[in-house]
Amino acid sequence: MTSDHDMVWRRCVRLGRVLLPLVDQEPWRQDRRHENLRTWGIDTGVGERLIEIFVALAAHAVAVDASVPAAEFDALAVTTVAEAAIGKPDFELLAGLPGTFVDDRDEHAVRIFRLYAYEGDQYSLQLIRLSRAVRHALVVLAERSPAPSLTCGDVFRRAAEAGL
């Protein structure tokens, strides 16, 4: 049986997975992101996976802090998730994660995130850069929205419309 907490985590992961394809509707954005990742010394595949999991961690931290049940997750404002990505310390983003992960890719990405968070120095700088990339991507989506406050549910609807 899946707990509500696990269902919230799955929604968070889904948000992370659809973000970059939605942002990349303008192809130059992907090129610029890849260029930035290379400049920062981060493999583009690893960097994009870390961005995905960073979004999931930020959304999860917001949901846990606000005690948001899975049924209400879609109402979370994207800007709130964006601010959590840059405003919450790494240990807060990692708090309250599920004990087990359904997807091995998610578990692997969280382990890499933890490694970056605990290694310090250059890795901490990489997380700061990635947090800004996450915030930027979320803000881009929010600015494209005709709605005054883009929600996670709106992002999921856009993703479904785009076939993601």
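Residues numbered from 1 in each chain as written. Predicted model: local features only at pLDDT ≥ 70, side-chain atom pairs only at ≥ 80, totals over all residues. Heavy atoms only, no water.

**Description of the overall build of the chain**
No. 1: Within the chain, the secondary structure is distributed over 8 helices and 0 strands.
No. 2: The N-to-C order of helical and strand elements in the chain reads α-α-α-α-α-α-α-α.
No. 3: Relative to its length of 164 residues, the chain is compact, with a C-alpha radius of gyration of 15 Å against a globular reference of 15 Å.
No. 4: C-alpha extents for the chain along the principal axes are approximately 40 × 35 × 25 Å.
No. 5: In the chain, which comprises 164 residues, the share counted as buried stands at 48%.
No. 6: Residue pairs at least 24 apart in sequence account for 74% of intrachain contacts in the chain once pairs closer than 6 positions are excluded.
No. 7: Summed over all atoms, the accessible surface of the chain reaches about 8,400 Å², with 51% contributed by carbon and sulfur. (Helix = DSSP H or I, 4+ residues; strand = E, 2+ residues; numbered from the N terminus. Rg over C-alpha atoms; globule rule 2.2 N^0.38 Å. Buried < 20%, exposed > 50% of the residue type's maximum accessible area, 1.4 Å probe, protein only. Contact = heavy atoms within 4.5 Å. Areas by Shrake-Rupley, 256 points an atom, 1.4 Å probe, with all protein chains shown as cover.)

**Quick look at helix 3 (residues 44-65)**
No. 1: Counted at 1.5 Å a residue, the expected span for helix 3 with its 22 residues is 32 Å, and the 31 Å between its end C-alpha atoms agrees.
No. 2: Most of helix 3 sits inside the fold, with 17 of its 22 residues counted as buried.
No. 3: N-capping of helix 3 is provided by D43, with a side-chain oxygen placed 3.0 Å from the backbone N of G45.
No. 4: One or two residues past the end of helix 3 sits S67, with phi positive at roughly 50°. (Expected span 1.5 Å × (residues − 1). Polar contact = N/O pair within 3.5 Å; in protein donor to acceptor, adjacent residues only side chain to side chain.)

**Some thoughts on the packing of aromatic side chains**
No. 1: Across all of its chains, the model carries 3 aromatic pairs by this definition.
No. 2: Consider the rings of F54 and F113, whose centres lie 5.0 Å apart with planes at 85°: the pair is edge-to-face. Here F113 lies in helix 6 (residues 104-119) and F54 lies in helix 3, a separation of 59 residues in the sequence.
No. 3: Classification of F54 by relative accessible area gives buried; the value is 1%.
No. 4: Ring geometry for Y116 versus Y123: centroids 5.0 Å apart, planes at 65°, classification edge-to-face.
No. 5: We classify Y116 as buried; its relative accessible area is 11%.
No. 6: Overall, Y123 belongs to the partly exposed group, its relative accessible area being 33%. (Phe/Tyr/Trp six-rings, centres within 6.5 Å; stacked < 30°, edge-to-face > 60°.)

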